[in-house]
Amino acid sequence: MAIANKNIIFVAGLGGIGLDTSREIVKSNLVILDRIDNPAAIAELKAINPKVTITFYPYDVTVSVAESTKLLKVIFDKLKTVDLLINGAGILDDYQIERTIAVNFAGTVNTTTAIMAFWDKRKGGPGGVIANICSVTGFNAIYQVPVYSASKAAALSFTNSLAKLAPITGVTAYSINPGITKTTLVHKFNSWLDVEPRVAELLLEHPTQTSLQCAQNFVKAIEANQNGAIWKLDLGRLEAIEWTKHWDSGI
Ligand SMILES: NC(=O)c1ccc[n+]([C@@H]2O[C@H](COP(=O)([O-])OP(=O)(O)OC[C@H]3O[C@@H](n4cnc5c(N)ncnc54)[C@H](O)[C@@H]3O)[C@@H](O)[C@H]2O)c1
Ligand SMILES: CCCCCCO
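Nothing here was measured: the structure is a model prediction, and the numbers come from that model.

(A) Empty space enclosed by the protein, seen in detail. Counted by the stated rule, this structure contains one cavity of 30 Å³ or more. The computed volume of the largest cavity comes to approximately 30 Å³. In terms of lining, the largest cavity is formed by V11, V61, N87, G88, A89, V103, G107, T108 and T111.

(B) Spatial organisation of the packing of aromatic side chains. Counted according to the given criterion, the structure contains three aromatic pairs. Taken together, a centroid distance of 4.5 Å and an interplanar angle of 10° make the contact between F76 and F118 stacked. Here the residue F76 occupies a position in helix α3 (residues 65–79), and F118 occupies one in helix α4 (residues 97–119), the gap between them amounting to 42 residues.

(C) Geometry of the pairing of strand β5 (residues 128–133). Burial analysis of β5 places six of its six residues in the buried class, the great majority of the element. For strand β4 (residues 84–87) and β5, the ladder comprises four bridges, and the chain directions are parallel. Bridging from a neighbouring strand, N87 pairs with N132 of β5. Since β4 and β5 lie parallel, the crossover through α4 that links them has a hand, and here it is right-handed. Here β5 runs beside strand β6 (residues 171–178); their pairing, made up of six bridges, is parallel. Each residue of the ladder has a partner; that of I133, found in β6, is I176.

What counts as what
Residues numbered from 1 in each chain as written. Chains lettered and ligands numbered in written order. Predicted model: local features only at pLDDT ≥ 70, side-chain atom pairs only at ≥ 80, totals over all residues. Heavy atoms only, no water. 1 Å grid on protein atoms, 1.4 Å probe; cavity = no way out; pocket = protein on both sides within 12 Å on 5 of 7 lines; lining within 4 Å. Points joined across faces, edges and corners; volume = space filled by probe spheres on them. Phe/Tyr/Trp six-rings, centres within 6.5 Å; stacked < 30°, edge-to-face > 60°. Helix = DSSP H or I, 4+ residues; strand = E, 2+ residues; numbered from the N terminus. Buried < 20%, exposed > 50% of the residue type's maximum accessible area, 1.4 Å probe, protein only. Pairing = 2+ DSSP bridges. Right-handed = clockwise from strand over helix to strand, strands pointing away.

Interpretation note: all reported values are geometric properties and have no functional meaning in isolation.
Here is the structure:
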């Protein structure tokens, strides 16, 4: 998918990875949905490319599907078509068990479910593309944050299923799985039941990548537009992961 001249909804487009990625894709019209407003960031994006429209709506991914659908109707009424939905919301705090699952997993599922009403080809929709920001911890956990890691594994599994369902729905999907990327999310966070109070410090002793490196590889994944791709964006590199099949439902 060429980045230019598209309509992109970016949930969490103002976060660390989100804003650097928004800066890279602002050749398209962006509708940024985020829990926190950042007028300066929106102004900066508009200044990068005055030819596109940048719109912000406050949005908490933990609202109901009905609420999400209402917001999407406003957006589709205005844009008429949407080419790409990026689901990027995430929190990292294994003290907040329910909220972690609600934001990182249910939030991705519900936002995806809501947009299907506008895209599902079985209802005469045009289809669409979904990029879900999961994580390398969805492959193999940072086991000191088992709730976060499991929420990302769940989001990854959901995304893999979406891709398999594309022939039925007309909606393709792929996952964006960053490695440790220097953003505010990773500076300090709580491990589950305090099993490792120094988890962030220990992790950050190992090589990491910048959010710009992550964003630049995110763009390459969007351009590749490969249904079912499991993209690893780690240490400044982009790699398509081959998922190991251990069982097949047969259907
Ligand atoms: N930084 C890393 O090392 C890393 C690695 C792999 C995956 N990720 C994932 O990348 C995404 C972005 O993380 P980041 O590192 O930029 O952190 P960040 O904290 O800078 O960004 C998180 C984003 O999610 C948004 N968000 C949080 N709760 C929300 C809610 N309830 N509703 C709507 N938006 C909400 C925040 O407003 C922010 O825009 C997250 O999903 C994170 O899990 C990050
Ligand atoms: C430093 C720990 C970062 C964990 C986020 C991986 O998704």
